[in-house]
Amino acid sequence: MVLKLYGVTGWGGTDRVLVILREKGVPYELHEVDTKNKEHKSAAFLEKQPFGLTPYLDDDGFILYESRAISYYIAAKYSDQGTQGLIPTDLKANALFQQALSNELCNFEAFTYPLILEGLYKRFQGLEVDQKAIDKAISALDEKLDVYDKILSKQKYIAGDELTLADLFHLTSGALLPSCGYHGLKTKPNVARWWNEISSRPSWQATKGPNAL
Ligand SMILES: N[C@@H](CCC(=O)N[C@@H](CS)C(=O)NCC(=O)O)C(=O)O
């Protein structure tokens, strides 16, 4: 049975999973969720994704939500095909990979999320934008990316010298930052080298939307 992904093309969570499906060369069916008509808040959807957010995966009746968990499941299930090494198996390499996953969530997404919410989605919806909140989010993110720049001066990728899921998880939010007025991914030298490399991967080029970096 082919994997079924229920999501929205161009939205961060769905695109994150699409990148991994492409890296691993896994066939899938994408079911576009009709968010305009609030399908993701319907009782049927909430049974699969109780928080009413996209995406979720249906693998022959096995239901999984949270884009990072879905990506991990796909990379582990199809470990023998496509891009190798996305989940390091050596004890210490895996511990450093877990550290990098936490970095992405706690030191990147935690700061990009409020920025994208305020600087992109609210603007897009014609809601009043709080410029002070945008400036605060940019300055907090910039400090974190200074640390990324130091890490990436000593190693090629965020978990070490090999590409892992942790790097690819940055793509969807990172790509929206210039539209929010933040350009640190291009101006910090080691971050820029890393960003240019991961964002030029065919998996991302095939996935990224029109607003993406
Ligand atoms: N941590 C979740 C986040 C899911 C999420 O926030 N999805 C957004 C799109 S990227 C959504 O469905 N938003 C619809 C809404 O808030 O009603 C994941 O990675 O899957």
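Residue positions within a chain follow its written sequence, with the count starting from 1. Predicted model: local features are reported for residues with pLDDT of at least 70 only, side-chain atom pairs are reported and counted for 80 or more only, and whole-chain, interface and lining totals are derived from all residues. Water and hydrogen atoms play no part in the side-chain values, which are based on all heavy atoms of the structure.

A. Representation of a nonpolar patch on the surface in the model. What goes into a patch is any residue over 30% in relative accessible area without a salt bridge, connected to like charges within 9 Å or, for nonpolar side chains (Val, Leu, Ile, Met, Phe, Trp, Tyr), within 5 Å. Computed by Shrake-Rupley with a 1.4 Å probe, the accessible areas treat only the displayed protein chains as cover when residues are assessed. Any carboxyl oxygen of Asp or Glu within 4 Å of a side-chain nitrogen of Lys or Arg constitutes a salt bridge here. A surface patch of nonpolar side chains, about 300 Å² in accessible area, is lined by Tyr113, Leu117 and Tyr121. Secondary structure counts use DSSP, requiring at least four H or I residues in a row for a helix and at least two E residues in a row for a strand, with both numbered from the N terminus. Its location among the elements puts leucine 117 in helix 4 (residues 91-124).

B. Focus on helix 1 (residues 12-24). One less than the residue count of a helix, multiplied by 1.5 Å, gives the span that helix is expected to have. Taking 1.5 Å per residue as the helical rise, helix 1 with its 13 residues ought to reach 18 Å, and the 19 Å between its terminal C-alpha atoms agrees with that figure. Type-normalised accessible area, obtained with a 1.4 Å probe on protein chains alone, sets the label of each residue: buried when under 20%, exposed when over 50%, and partly exposed for intermediate values. Among the 13 residues that make up helix 1, 11 are buried, leaving the element largely enclosed by the rest of the structure. Looking at helix 1, one finds that the buried residues are Gly13, Thr14, Asp15, Arg16, Val17, Leu18, Val19, Ile20, Leu21, Glu23 and Lys24. Where helix 1 terminates, the next one or two residues include glycine 25, which has phi positive at roughly 60 degrees.

C. Broad picture of the UniProt feature "domain: GST N-terminal" (unreviewed entry) in the protein. UniProt positions are given in the numbering used here, feature names are shortened, and annotations may be inferred rather than shown by experiment. Per the UniProt record, "domain: GST N-terminal" (unreviewed entry) is annotated on residues 1-82. Along residues 1-82 the backbone is 37% helical and 22% strand, and the end-to-end C-alpha distance reaches 19 Å.

D. Spotlight on the packing of aromatic side chains. Here is the rule: rings of Phe, Tyr and Trp (six-membered ring for Trp) pair when centre to centre is within 6.5 Å. Planes less than 30 degrees apart are stacked, more than 60 are edge-to-face, and the remainder are tilted. With the rule as written, the count across this model stands at eight aromatic pairs. Ring geometry for phenylalanine 62 and tyrosine 73: centres 5.2 Å apart, planes at 45 degrees, overall tilted. Of this pair, phenylalanine 62 sits in strand 4 (residues 62-65) while tyrosine 73 sits in helix 3 (residues 67-77); the two residues are 11 residues apart in sequence, bridging distant segments of the chain. Its relative accessible area of 22% is what places tyrosine 73 among the partly exposed residues. Here a set of aromatic residues connected by ring pairs shows up, and it is made of Phe108, Tyr148, Trp194 and Trp195.

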